[in-house]
Amino acid sequence: MAARSETHSASSSDGDGGPDDELLLAALLDGMDAALCAFDADGVVTHWNREAERMLGWTQEEAVGRKGLAGWAVRPADAEEVEGRLFDAMRSPGRQVHEFALLTKDGGRVLVRIQSSGVSSADGRPKGVYCAFSEVHAQIDLERCIALSEALLEDASWGVVLVDADLRPTVTNAYAARAFRVPARATMLGRPLGELLEQGMEELEGALQHVLGEGAPPAPAELWVTLRRQGDRTNAGRNGADAGRNGADAGRSGADRAGADRADADADGAEAAADTTDSARRRCWRSGFLRLASPLAEEPVPLGVAWLFQDVTAEKQAEREAARLRFRAGQLHRAARAAAECADPMESACLHLEFALAGFADHALLDLAAEPGPEPSRTRDASLDALPPSDPRLVRAALAPAVERGRPPFIEPGTASGIPVAYPEGHPALQAYQRCTSVRASSGEQRGPDATEWARARKWPQGTVHGLCTVLRCRGRSLGVVTFLRDAGRRPFDREDADYAEQIAAQVAAAADLAGVLGKGQP
C-alpha cells in the first residue's frame, strides 16, 4: 500500500490526497471497462483494478507489491523486452501503444494491447507509469465497428441517414445528400424530412415510428417518394413572411399588380425550366431500417433509427416497362385470336379496340374517312397514288365503351349516314390523318371547368385530359383515325404508348379495309 500511495501522491496536485482520495481512486479504477495497472519508478506494481483481475486471474492482493511482471504475468524470456518498453514510457512524452502476450494465473496466454503513459512529480522527475490494456480481439472488434461506421457515413454505395426519436436527421452520408439533392450533408441535419419530400413522407414516418416501437422489419421495403422542387424547399420556412407580403400587395393598383404578376410568372417559368421534371423527382428507394439503442444503458434506450436505402428507380421502371410490354403483347395476341372468329370485319375492328383499352386508355374512338381515296394502282409508285386529302371528312364508325358515362352518344356510330364528326380546324385527329402519323394532346395544367371545356372543344368525352390520335393506313391509303383517350388520374401518352397504338391501328386498318372491300363487292 505504501507503493500505491507514493504513485498516487505523485499524480495528485497537492501531494497529500488523503484517505478520501484513495477511496475515490479505487472506485474509479474498479469501475473502468479497461484493465489497468500502475508501477512506481522502481517497477513495483501499485495499482491493479478488477478488470485486470478478471482478465488475468491475479487478485489485487496478489499483484500489488510485486516488482515487475517477470515470472507471473510475463514469461521470463519475454520479461526484459516487455518491461523495457513499458518503463520507457516514464522517460518519453505522450502515450505509447504496444501488443504483448501476458500470462494468466492458470498458465494460459492472452494477447493484449497496452497503452502506457508516464507519471512525473512536480519537479518533472519520473515517478511511475500507468498501463491500460485490453484483449486484442476486443479492441479490434471495436476498431472494426468504428471503421464500419465511418465507411458507411463516407464511402458507402447506398444512403445512410440516422434519425433521432423526433424523426429528424442527425447524421447523413454523401450518397443520401445526393439522393435528396441538397448541396451539403449539413443541410439535412435537424431539418424535418417533410421539407425535402413532397410525397411519400407519411409512409416514411410510419416506417420509422414502427421501427422505433417494434424493431427492425424482417425484409427491406421499397418506398416511392417525390422530392420537392428547390423553390418549394426555399419557401417552406417563409410562409409567414409571404403572408405578410400578400397582405401588403392587396393594396396595390391594378396596373402594378398586373406587372408584378407578369414578373412572377416569368420567374416561375424560369425556375420550372431549370428544375427537374416530375418524373425525375419521383424516386423509388429500397430501404432497410435498424433501431439504435445505447450499449451503455442497463435497459435498451432507443437513440433513433438507422435508415439505409438505395435508389432502385431505374430497375423498378425497367421491371414495369417489361411487365407492360408482356401484357400488351398478350392483349394483341388475344385480340387477334378473338377477331379471327368474327364474320364481320367491323366487328373484329371493334374487338381490337376493346382489347386495347385494358390498362391503356379509358375511351377509344374509330373515325373512318368518308372518301378514303381511290384504290391504289399496281404500279411501282403505288404509295404515291392515294395521298390523304387536305380537308378530310371523318365519320364516327365505332366507339369503346359503347356508352359514354351512362348516356348514349348524340349520333349513333355508323358510316352509312356519312355525317362527319364536327372536328374543328387543327384537331389532333385531322392532324394525324393529314400527316399520316400519331399526334398526342394533353390539357396540361388545366383542371376543373377548363379541362371540361378543353375536352368539349375537341368533341371528346367529358373528363378527358389526354388524347392520342393514330392514322389508319392500309394498302397505301389513309382510311381514318383511331383515337385513344385518358381521364384525369392517368399519365399523358408517351412515345411507347404511340408505338402500341400504331400496332393496334394496323390491325384495325386491315379490318376496316376488308370491310370496305366486301362492301363494294370486290373479291
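We now turn to the structure provided with this report.

Turning our eyes to something else, we now look at the overall build of the protein chain. Summing up its helical and strand segments, the protein chain has 17 helices and 16 strands in all. In the protein chain, buried positions account for 39% of the 523 residues. Once local pairs closer than 6 in sequence are excluded, the contacts in the protein chain between residues at least 24 apart make up 59%. Approximately 28,600 Å² of the protein chain is accessible, and the part contributed by carbon and sulfur atoms is 53%.

Next up on the list: the packing of aromatic side chains. The tally for this structure, following the rule as stated, stands at 15 aromatic pairs. Ring centres 5.0 Å apart and planes at 80° place the aromatic pair Phe-360 and Tyr-500 in the edge-to-face group. Within this pair, whereas Phe-360 is found in the loop between α14 (345–357) and β12 (363–369), its partner Tyr-500 is found in helix α17 (residues 495–519), the two being separated by 140 residues in sequence. Each member of the pair, Phe-360 as well as Tyr-500, is classed as buried. Taken together through their ring pairs, the aromatic side chains of Tyr-175, Phe-180, Trp-285, Phe-289, Trp-307 and Phe-309 make up a single cluster. Taking NZ or CZ as reference, Arg-486 lies 5.4 Å from the ring centre of Phe-360, over its face. The ring of Phe-493 carries the charged tip of Arg-486 above its face, separated from the ring centre by 4.0 Å.

Turning our eyes to something else, we now look at the pairing of β12. Most of β12 sits inside the fold, with 7 of its 7 residues counted as buried. Residues of β12 alternate between two faces, with His-363, Leu-365, Asp-367 and Ala-369 on one and Ala-364, Leu-366 and Leu-368 on the opposite face, all of them buried. Judged from the 6 bridges that link them, β12 and strand β16 (residues 477–487) form a sheet pairing that is antiparallel. When the sheet's bridge partners are listed, Leu-366 is paired in β16 with Val-482.

Time to look at α14. Here α14 spans 19 Å end to end across 13 residues, near enough to the 18 Å set by a 1.5 Å rise per residue. Considered for burial, the residues of α14 that qualify are Pro-345, Met-346, Ser-348, Ala-349, Leu-351, His-352, Leu-353, Ala-356 and Leu-357. In the core, the buried residues of α14 are packed alongside α13 (313–339), β12, β13 (394–400), β16 and α17. Where α14 begins, the capping side chain belongs to Asp-344, and its oxygen is found 3.2 Å from the backbone nitrogen of Met-346. Within two residues after α14, Gly-359 carries a phi angle of roughly 70°, on the positive side.

With that out of the way, let us pick up the sheet that holds strand β10 (residues 282–293). Sheet strands pair via backbone hydrogen bonds, and the direction of the pair is either parallel or antiparallel. If you walk across this open sheet you meet the 6 strands as β7-β6-β11-β10-β9-β8, and the pairing is antiparallel. Of all strands in the sheet, those bounded by a partner on one side alone are β7 (169–172) and β8 (197–199). On average, each strand axis in the sheet is inclined to that of its neighbour by 40°, with strand direction left out of account. Across the face of the sheet, helix α8 (residues 201–214) comes into contact with β6 (159–163), β8, β9 (221–227), β10 and β11 (302–311) while running at roughly 20° to β10.

Axis separation between α13 and α14 bottoms out at 9 Å; the angle between their running directions is 155°. Judged by the angle between their axes, α13 and α14 are roughly antiparallel. Along this stretch, α13 crosses α14, giving a crossing that reads as right-handed. Along the contact surface, α13 presents Gln-331, Arg-334, Ala-335, Ala-336, Ala-338 and Ala-339, while α14 presents Ser-348, Leu-351, His-352 and Phe-355.

In the segment running from Ala-400 into Pro-401, the intervening peptide bond is cis, with an omega of -5°. One non-glycine residue, Lys-459, adopts positive backbone phi at about 60°. Overall, Lys-459 belongs to the partly exposed group, its relative accessible area being 40%. Positive phi, normally seen in glycine, also occurs at Arg-475, with a value near 55°. By the secondary structure assignment, Arg-475 is in the loop between β15 (464–474) and β16.

A pair of packed helices can be characterised by two numbers: the angle between their axes and the separation between those axes. Look at α13 against α17: their axes get within 11 Å of each other, and the N-to-C directions meet at 10°. Judged by the angle between their axes, α13 and α17 are roughly parallel. Facing α13, whose interface residues are Glu-321, Arg-328, Gln-331 and Leu-332, α17 presents Glu-496, Asp-497, Tyr-500, Gln-503 and Ile-504. Here the contact of α13 with α17 is composed, by residue class, of 3 nonpolar, 2 polar and 4 charged.

Here we come to the sheet that holds strand β5 (residues 126–135). Here we have 5 strands laid out as an open sheet, ordered β2-β1-β5-β4-β3, and antiparallel in their pairing. What marks the edges here is a single partner per strand, and that holds for β2 (45–48) and β3 (95–103). Between one strand axis and the next, the sheet turns by 25° as a mean value, whatever way the strands run. As paired elements, strand β1 (residues 35–40) and β5 share 6 bridges and run antiparallel to each other. What sits directly across from Phe-39, in β5, is Val-129. Its contacts with the sheet put helix α5 (residues 76–87) on β1, β3, β4 (109–120) and β5, and the angle it makes with β3 is roughly 155°.

Calculation rules
Residues numbered from 1 in each chain as written. Predicted model: local features only at pLDDT ≥ 70, side-chain atom pairs only at ≥ 80, totals over all residues. Heavy atoms only, no water. Helix = DSSP H or I, 4+ residues; strand = E, 2+ residues; numbered from the N terminus. Buried < 20%, exposed > 50% of the residue type's maximum accessible area, 1.4 Å probe, protein only. Contact = heavy atoms within 4.5 Å. Areas by Shrake-Rupley, 256 points an atom, 1.4 Å probe, with all protein chains shown as cover. Phe/Tyr/Trp six-rings, centres within 6.5 Å; stacked < 30°, edge-to-face > 60°. Lys NZ or Arg CZ within 6 Å of the ring centre and 35° of its normal. Pairing = 2+ DSSP bridges. Expected span 1.5 Å × (residues − 1). Polar contact = N/O pair within 3.5 Å; in protein donor to acceptor, adjacent residues only side chain to side chain. Axes fitted to C-alpha atoms, helices over the stretch in contact; angles between N-to-C directions. Parallel < 35°, antiparallel > 145°, perpendicular 65-115°, else oblique. Left-handed = near helix turned anticlockwise from the far one by under 90°. Nonpolar A, V, L, I, M, F, W, Y, C, P; charged D, E, K, R; others polar.

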